[in-house]
Protein chains: 4
Amino acid sequence: MYNLPVMVNISRPTAAVIGATGYTGQELVRLLGAHPRLRLGFATSESETGQRVPGAALRYVDVAAVPLDAVDVVFTCLPHGEAETWSVRARQAGARVVDLSSDLRAGAHGAVYGVPELWRDCIREQPLVANPGCYPTGILLSLAPLLRAGQVDTNQPIMIDAASGVTGAGRGAKRDLLFGEVAEDYRAYGVGNAHRHVPEIASGLARIVAGAAPPFVFTPHLLPVRRGILETMYIPVEAGFDAGAARQILSEAYAAEPYVEVFDEGLPALRDAVGRNVVCVGFADVAGVGGRTLLCVAAFDNLLKGAAGQALQNANLMLGLPETDGIPA
Amino acid sequence: MYNLPVMVNISRPTAAVIGATGYTGQELVRLLGAHPRLRLGFATSESETGQRVPGAALRYVDVAAVPLDAVDVVFTCLPHGEAETWSVRARQAGARVVDLSSDLRAGAHGAVYGVPELWRDCIREQPLVANPGCYPTGILLSLAPLLRAGQVDTNQPIMIDAASGVTGAGRGAKRDLLFGEVAEDYRAYGVGNAHRHVPEIASGLARIVAGAAPPFVFTPHLLPVRRGILETMYIPVEAGFDAGAARQILSEAYAAEPYVEVFDEGLPALRDAVGRNVVCVGFADVAGVGGRTLLCVAAFDNLLKGAAGQALQNANLMLGLPETDGIPA
Amino acid sequence: MYNLPVMVNISRPTAAVIGATGYTGQELVRLLGAHPRLRLGFATSESETGQRVPGAALRYVDVAAVPLDAVDVVFTCLPHGEAETWSVRARQAGARVVDLSSDLRAGAHGAVYGVPELWRDCIREQPLVANPGCYPTGILLSLAPLLRAGQVDTNQPIMIDAASGVTGAGRGAKRDLLFGEVAEDYRAYGVGNAHRHVPEIASGLARIVAGAAPPFVFTPHLLPVRRGILETMYIPVEAGFDAGAARQILSEAYAAEPYVEVFDEGLPALRDAVGRNVVCVGFADVAGVGGRTLLCVAAFDNLLKGAAGQALQNANLMLGLPETDGIPA
Amino acid sequence: MYNLPVMVNISRPTAAVIGATGYTGQELVRLLGAHPRLRLGFATSESETGQRVPGAALRYVDVAAVPLDAVDVVFTCLPHGEAETWSVRARQAGARVVDLSSDLRAGAHGAVYGVPELWRDCIREQPLVANPGCYPTGILLSLAPLLRAGQVDTNQPIMIDAASGVTGAGRGAKRDLLFGEVAEDYRAYGVGNAHRHVPEIASGLARIVAGAAPPFVFTPHLLPVRRGILETMYIPVEAGFDAGAARQILSEAYAAEPYVEVFDEGLPALRDAVGRNVVCVGFADVAGVGGRTLLCVAAFDNLLKGAAGQALQNANLMLGLPETDGIPA
């Protein structure tokens, strides 16, 4: 890649990151810097306009200064509620768009929901993809093969107890996210299925089973770490089904997938996944009543497989590039 | 208290803390330093023999040097497996004993299991009490009133997802507990009901219902904080029962208890409880299927209400002192 | 105190905390809750007006709603720049005022600078006291006895390398103080004597020597902990002077002081001081050139001896109460 | 590299990492996994023999099982005191050796001290190199150009106030390094020039000036972060010399160096350097007396440029490979 003649660069597709100083934006800029076929052309920032983009021969520009019609793919990394406008403008200007906010995940403007491992063919060469939320990514990838195999007892709710590092809440200045508040604390939030991700999870599960979503309870917690999500799931399963069988189903389902890692034994910890574009999944048997409960733990980096890494997978698919380009395994 | 004539001190009961440099031992030493009626006479340490006990006019002694027959109450704060021997010797020498390890919790040597709020009358004036484990304390106090009220659907398991700060694992030098391992990590451990506390929880629940323990799944996690436990419980309840009703039952059950705090609204966070001898309990409604699932969160300080604070409650009861002596609310 | 007849309460002086939801305000509220002779009458908050004050039978009120003329002592805990107005109003209404901001530390409005251990007689029964900054408190208390004893070589600068926990920067929502920014980081800031505390330190040192302040370099750093300040000072001293002599001078100077702890050996760590209203000071010899360099380390809790605890010492002096009232040693 | 025929691999030099489960060993294994010309052949571990090496198609072996005569380069990552034996054996078997402990840094067995940027020509094609300590690396690289330019006033000591993350102390199970001890703490240790690195710094400085080392005081502190070192240096300089001049001298000295980054403005923070094989250096002017004091801050990752990254630079030089092979900038 370093020895290609300059002219070749002219034809490299150009990417723009809108909202490049947030946590997911920073991560995308970093990944794009090492992408063999995409070129970071523009990185926007309201607060740091004019300053240098770390690791890139660029300066941050105001979003209004990006020539959207000269960009091949736009990554919209703005806060929820602010992203839709720019995703629509970028589309109108002809750019492909990966929207990393929650704004388009219900399908607004024809956006396709992008979990490559589940619905790759629907993403390929699409112009507008809604990148999944961090929590849903781990949940859907863990449950899909079991649901498709008909092994989940859908008469009882799946309990999903999740914990996320603070970068999952964005880089906006909020008192609740100050070091002085978060360190040495741990708390549930958005309980009673009040979290923004609940309809997204429900809709993803419904699509997986091609019917009514199985019941679930989702309780996110705020963890005093910078990055990483751990999801501990209590799955009611049919009698006779156990952790070994679950492992086998997932191992087969994801045999060709570089970004899902099914543990042969033991359960993944945050540390197994942070810094990597991967969802690690493990299973354990626990005692239950009237059938069985299966314990499933998924660990992943909320900024990589939970955001920027998956966004790049989607962009690669949309542009017809190799899906793994620029995404270290 | 500081101006009392010396002779009065002669009649103040004397306490010994065996294993006074572990985390729970340190906490007991600190609490005893402000106890109006108990006097810390001896604090033992293998590693720091001869050094000064912080905040006390004492030096650490070897455990063999403690005149057990001159001590009124012994707190055994040794690691699991090492405590039983010394608790038995102290009893033989005539001292009352609160054993903070798990060694006697199944009732060995006639030890009484000591959760004051549940079984106060069985503890009062007893000579030998097994102090409850940290995790069980929060679980039993949260569930007891609901179970006694017959509101828990015992046909399905209660899911107990718990997270503990690292001091809960003791102060022994273990690689897994190094800062370099724990910081920025989060993981489940002792899953599949493999944790030492599972039989203790089961036995406590059985005693509460005076019958077979309701089924439950217990998954502890290691949290990168120094102290505090948060337990997120998914309780299957009878149709029509909700968070408001649960709050009312617990509020009534614990109306006279200074060390259980039922939240009127919202759920407790670690920070609400750390540094205090209290279990904070809150409830929230969540959607379920075939009846309802109730979300219950308990937060408490593993070293206070989960260990040293509760041990002092027990000791006060055993010695006929006011239960709250030396325990700030 | 709990059994006194109601009428006695009428004569207990009433305190108001303006800005009671910031970190120092919270700490003052907590301390006042256990003060034997002062009564917390009002706690103000812009963001939480109407909500309950934790641990007090009060609700937060808007600052404009405080009847300043009915208050005996006002603690102004507002951000720098916002405090002066309210301190002046409170004075005009006749209340005594302890201003915890930096607004009055240069003596505006006749404010007296309040380090009780150094200038107790100037504080006693004064109406308006500027509470010292956190960094200066440890520096002035450590250096004063050595400077007064003429043992510091003032031809070379004292190097002061300081590190503070994040609560020292207040509870305002700033991006730089987010957990995601501070955790796993450490950095110098306000260098080149650019920090707000530099003139305050210089003025304090000048007052101590009753002449020109000795030269010094002050470099604060932001530490990924919630509370606590550690100051490592490199003091040029006269030949023949060493750590032992320094210890003796400070021990004698502070023999009667409950809130300064001179270490007999070793150097204090953050943990020795956090949670206590004390400055811990230790000394060590290090090799130097042309005379000697003395290493001095001071550790203290920025919210207690560095703010709220010292403010209460000052208030007690101003009101003619015992200086240690409400301040656990 | 992935498409080369198998035969080519035969001629790739083989590396062994002795002590591969410590923090520096882990980092070396990770780096070697992506090295284009070196092949990790053996990774030893006492505690994890037989288990899989993460990210490598290898299992840990006992150190005695490594065929040292079949290895081209051995990285000795054992604790201080345990490394020398194995470094000597590896040399006797004919392997090149980079010893990452402090055992050989004084030159035992003819070991060359390896800071590539300062003494590259002495390292090239050498058989035995002592990899520098983490603290000395940043100090020597920061000071060398200034000392060589004769701009340091060597009549007064340089004050070096340093702070290191806990992985710098190794992965052995020690109580002082438990999360419960380190979190929310900060402390000086090894003061009074008692630290193992002091003679190493002195010897390095002496070599730089080809004469007597300039006087210095070194005070390390333990920081509650996992990785990274920040060194705040107070450098007495000749009159008229300032931060701008220092920047220029270092910029010129390191113009061709990929692993030293001189800041144009501002001072580096831990976060600028962690995860990268680089020493970031910045300067600021501060007021002084009788000449000037220059403030210099160096930040680097103790496990990369402070250990494994620099070891790989050395190994590349020793083997005649491009120095940057396998070391991302």
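Look up a bit, the structure's there.
Residues numbered from 1 in each chain as written. Chains lettered and ligands numbered in written order. Predicted model: local features only at pLDDT ≥ 70, side-chain atom pairs only at ≥ 80, totals over all residues. Heavy atoms only, no water.

Turning our attention to the interface of chain A and chain C. Each partner contributes to the interface: chain A provides 21 residues, whereas chain C provides 21 residues. Where chain A abuts chain C, roughly 1,800 Å² becomes buried across the two surfaces, and 57% of that area is made up of carbon and sulfur atoms. Interface area lost by chain A to chain C is led by Arg175, Leu178 and Phe179 of chain A, which between them contribute 39%. Run the count over chain A and chain C and you get 2 salt bridges. The partner of Glu181 of chain C in a salt bridge is Arg171 of chain A, and the shortest N-O contact between them spans 2.9 Å. Our enumeration of links across chain A and chain C arrives at 10 residue pairs in polar contact (both at pLDDT 80 or more). Top contributing element to the side of chain A that touches chain C by residue count: helix α6 (residues 179–182) of chain A, with 4 residues. (Contact = heavy atoms within 4.5 Å. Buried area = accessible area lost by both parts, 1.4 Å probe. Salt bridge = Lys/Arg side-chain N within 4 Å of Asp/Glu carboxyl O. Polar contact = N/O pair within 3.5 Å; in protein donor to acceptor, adjacent residues only side chain to side chain. Helix = DSSP H or I, 4+ residues; strand = E, 2+ residues; numbered from the N terminus.)

Time to look at the relation of the copies chain A and chain C. When chain A is fitted to chain C, the residual RMSD is 0.0 Å, and the transformation amounts to a turn of 180° plus an axial shift of 0.0 Å. Within this description, the copies of the chain are treated as partners about a two-fold rotation axis. Residue by residue, 100% of the interface of chain A is reproduced at the interface of chain C, so both copies engage with the same surface. (Least-squares fit on C-alpha atoms with pLDDT ≥ 70 in both.)

Further remarks concern the sheet that holds strand β4 (residues 96–99) of chain B. Residue and element names in this part refer to chain B. Strand order across the open sheet formed by 6 strands is β2-β1-β3-β4-β6-β5, with parallel pairing between neighbours. Of all the strands in the sheet, just β2 (39–43) and β5 (112–113) have a single pairing partner and so form its edges. In this structure, strand β3 (residues 73–76) lies alongside β4, joined through 4 bridges in parallel fashion. From the neighbouring strand, Val73 faces β4, where its bridge partner is Arg96. (Pairing = 2+ DSSP bridges.)

Opposite the 42 residues of chain B that make contact, chain A presents 42 residues. Both faces considered, chain B and chain A share a buried interface measuring about 3,400 Å² in area, 61% of it formed by carbon and sulfur atoms. The three residues of chain B that bury the most area against chain A are Glu184, Tyr186 and Arg271 of chain B, which together make up 20% of that side's buried surface. Put simply, chain B and chain A have 0 salt bridges between them. At the boundary of chain B with chain A, the tally comes to 21 residue pairs in polar contact (both at pLDDT 80 or more).

What follows covers the packing of helix α5 (residues 134–148) of chain D against helix α7 (residues 197–209) of chain D. Residues and elements named next belong to chain D. For the pair α5 and α7, the least separation of the axes is 10 Å and the interaxial angle reads 25°. As judged from the angle between their axes, α5 and α7 are roughly parallel. Crossing angle aside, the handedness with which α5 passes α7 is right-handed. Along the contact surface, α5 presents Cys134, Tyr135, Pro136, Ile139, Leu140, Leu143, Ala144, Leu147 and Arg148, while α7 presents His197, Glu200, Ile201, Gly204, Leu205, Ile208 and Val209. (Axes fitted to C-alpha atoms, helices over the stretch in contact; angles between N-to-C directions. Parallel < 35°, antiparallel > 145°, perpendicular 65-115°, else oblique. Left-handed = near helix turned anticlockwise from the far one by under 90°.)

Moving on to the side chain of Gln313 of chain A. Along the chain, Gln313 of chain A falls in helix α10 (residues 304–319). Excluding residues that lie within four positions of it along the chain, Gln313 of chain A makes contacts with Pro116, Glu117, Tyr259, Asn277, Lys305, Glu323 and Ile327 of chain A.

What follows covers the pattern of salt bridges. Residues and elements named next belong to chain A. Applying the stated criterion across every chain, the model contains 53 salt bridges over all chains. In this structure, Arg30 engages Glu27 in a salt bridge whose closest nitrogen and oxygen atoms are separated by 2.6 Å. Of the two residues, Arg30 and Glu27 both sit in helix α2 (residues 23–32), 3 residues apart, roughly one turn of that helix. In this structure, Arg37 and Asp325 form a salt bridge, with 2.4 Å as the shortest nitrogen-oxygen distance. Within this pair, whereas Arg37 is found in the loop between α2 and β2 (39–43), its partner Asp325 is found in the segment after α10, the two being separated by 288 residues in sequence. Taking relative accessible area as the criterion, Asp325 reaches 9% and is therefore assigned buried. (Buried < 20%, exposed > 50% of the residue type's maximum accessible area, 1.4 Å probe, protein only.)

Our next topic: the sheet that holds strand β6 (residues 128–130) of chain C. Residue and element names in this part refer to chain C. In spatial order, the strands read β2-β1-β3-β4-β6-β5; together these 6 strands make up an open sheet with parallel pairing. The open sheet terminates on both sides in strands that have one partner only, identified here as β2 (39–43) and β5 (112–113). Here strand β4 (residues 96–99) pairs with β6 via 3 bridges, running parallel. Along β6, the bridge assignment pairs Asp99 with Ala130.

Least-squares fitting of chain B to chain A yields an RMSD of 0.0 Å, with the superposition described by an axial translation of 0.0 Å and a rotation of 180°. Of the residues that chain B buries at the interface, 100% are likewise interface residues in chain A, meaning the two copies contact each other through the same surface.

Turning next to the environment of Glu84 of chain B. Residue and element names in this part refer to chain B. Along the chain, Glu84 falls in helix α3 (residues 83–92). Sequence separation of Glu84 and Leu28 is 56 residues, and the distance between their C-alpha atoms is 19 Å. Beyond its immediate sequence surroundings of up to four residues, Glu84 is in contact with Asp99, Asp103, Leu104 and His109.

Residue pairs three or four apart in sequence face the same way in an α-helix, which turns once every 3.6 residues. Counted at 1.5 Å a residue, the expected span for helix α10 (residues 304–319) of chain D with its 16 residues is 22 Å, but the 20 Å between its end C-alpha atoms falls short. Across the 16 residues that make up α10 of chain D, a large majority, 15, are buried. (Expected span 1.5 Å × (residues − 1).)

So, on to the pairing of strand β9 (residues 216–222) of chain D. Residues and elements named next belong to chain D. With 7 of 7 residues buried, β9 lies mostly within the body of the structure. Of the two faces of β9, both are covered, the one formed by Phe216, Phe218, Pro220 and Leu222 as well as the one formed by Val217, Thr219 and His221. In this sheet, β9 lies alongside strand β7 (residues 158–164) in parallel orientation, the contact comprising 7 bridges. From the neighbouring strand, Ile160 faces β9, where its bridge partner is Phe218. The sheet contact formed by strand β8 (residues 187–188) and β9 spans 2 bridges and is antiparallel. In the sheet register, Ala188 faces β9, and the bridge partner there is His221.

Bringing unusual backbone geometry into the picture now. You will see that Ala210 of chain A, though not glycine, has its phi angle at about 50°, which is positive. Summarising the element assignment, Ala210 of chain A is placed in the loop between α7 (197–209) and β9 (216–222). With a phi angle near 65°, Glu125 of chain B is a residue other than glycine that sits in the positive phi range. With respect to the element layout, Glu125 of chain B can be found in the loop between α4 (116–123) and β6 (128–130).

What follows covers the environment of Ile201 of chain C. Residue and element names in this part refer to chain C. For Ile201, the position within the fold is in helix α7 (residues 197–209). Overall, the relative accessible area of 0% leaves Ile201 in the buried class. Considering only alpha carbons, one finds Ile201 and Tyr135, 66 residues apart in sequence, at a separation of 8.4 Å.

Residues and elements named next belong to chain D. Contact geometry of helix α4 (residues 116–123) with α5 gives a least axis separation of 11 Å together with a crossing angle of 85°. Here α4 is positioned roughly perpendicular relative to α5, judged by the angle of their axes. Between α4 and α5, the residues in contact are Glu117, Leu118 and Trp119 and Leu140, Leu141, Ala144 and Arg148, respectively. The residue inventory of the contact of α4 with α5, partitioned by class, reads 5 nonpolar, no polar and 2 charged. (Nonpolar A, V, L, I, M, F, W, Y, C, P; charged D, E, K, R; others polar.)

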